[in-house]
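Breakdown of the fold
Listed below, chain by chain, are the residues.
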Amino acid sequence: QGQLLAKSPPSLFEGQSGATPRGPIYSPPRRNILTDPLWPRRLAWHGSTPRGGHARRRDCQGWRSSGAAEGMATALGEGRLLAGHRHNCSTA
């Protein structure tokens with residue numbers, strides 16, 4: 001509640017110092033994904049290109065557990081939200 005996630009919207013995308021989360025980020029049911037062992041990879045899944053466009057065939061849309069699809073995601077401590085890397089859509 002009221003925690004600053006980034007200094008500005010551009011800092012999330014451009015790798016400025018404010019892009020590294022400094023406060024907790026919660027998922028339902030109120031688990032801090034930056035410290036909870038339920039979230040071992042701490043990825044932000046976005047399905048976008050580094051410039052913010054749609055990464056076609058890399059967004060996990062339509063993925064099923066038996067599939068081998070890949071999506072774009074970034075480690076939350078990396079500093080650039082859209083500096084994504086391909087990850088299997090089955091990745092926890």
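Counting restarts for each chain: residues are numbered from 1 in the order of the written sequence. At least 70 in pLDDT is required for a residue's local features to be given in this predicted model, at least 80 for side-chain atom pairs to be given and counted, and no such filter applies to totals for whole chains, interfaces and linings, which use all residues. By convention in this description, side-chain values take in all heavy atoms of the structure and omit both hydrogens and water.

The name an unreviewed UniProt entry gives the protein chain is COFA1 protein, with Smithornis capensis as the organism.

Our focus in this paragraph is the pairing of strand β4 (residues 70-75). One bridge is not enough; two strands pair if DSSP finds at least two bridges between them. Secondary structure counts use DSSP, requiring at least four H or I residues in a row for a helix and at least two E residues in a row for a strand, with both numbered from the N terminus. By the bridge criterion, 3 bridges tie strand β3 (residues 43-45) to β4 in an arrangement that is antiparallel. Bridged to tryptophan 45 within β4 is alanine 73. Summarising the sheet, β4 and strand β5 (residues 85-88) pair through 4 bridges and their orientation is antiparallel. Each bridged residue has a counterpart across the sheet, and for methionine 72 the counterpart in β5 is arginine 86.

Put simply, a disulfide is two cysteine sulfurs that come within 2.5 Å. Scanning the entire structure with this criterion turns up 1 disulfide. Each sulfur in the disulfide pair cysteine 60 and cysteine 89 lies 2.0 Å from the other. For the disulfide bridge between cysteine 60 and cysteine 89, the dihedral angle about the S-S bond is near -95°, and by the sign convention the bridge is left-handed. Linking cysteine 60 in the loop between β3 and β4 with cysteine 89 in the segment after β5, this pair joins segments that are 29 residues apart in sequence.

Salt bridges are defined as contacts in which a side-chain nitrogen from Lys or Arg sits within 4 Å of a carboxyl oxygen from Asp or Glu. Under the counting rule described, the total for this entry stands at 3 salt bridges. Notably, a salt bridge pairs aspartate 36 with arginine 31, separated by 3.7 Å at the nearest N-O pair. For each residue, the accessible area found with a 1.4 Å probe, counting protein chains only, is set against the maximum for its type, and the residue is called buried under 20%, exposed over 50%, and partly exposed in between. Classification of aspartate 36 as buried rests on a relative accessible area of 16%. Overall, arginine 31 belongs to the partly exposed group, its relative accessible area being 32%. Salt-bridge contacts for arginine 86 lead to glutamate 70; the nearest nitrogen and oxygen are separated by 3.8 Å. Note that arginine 86 is positioned in strand β5 and glutamate 70 in strand β4, a separation of 16 residues in sequence. You can call glutamate 70 partly exposed: its relative accessible area is 28%. Linked through salt bridges whose partners overlap, the residues forming this network are Arg58, Glu70 and Arg86.

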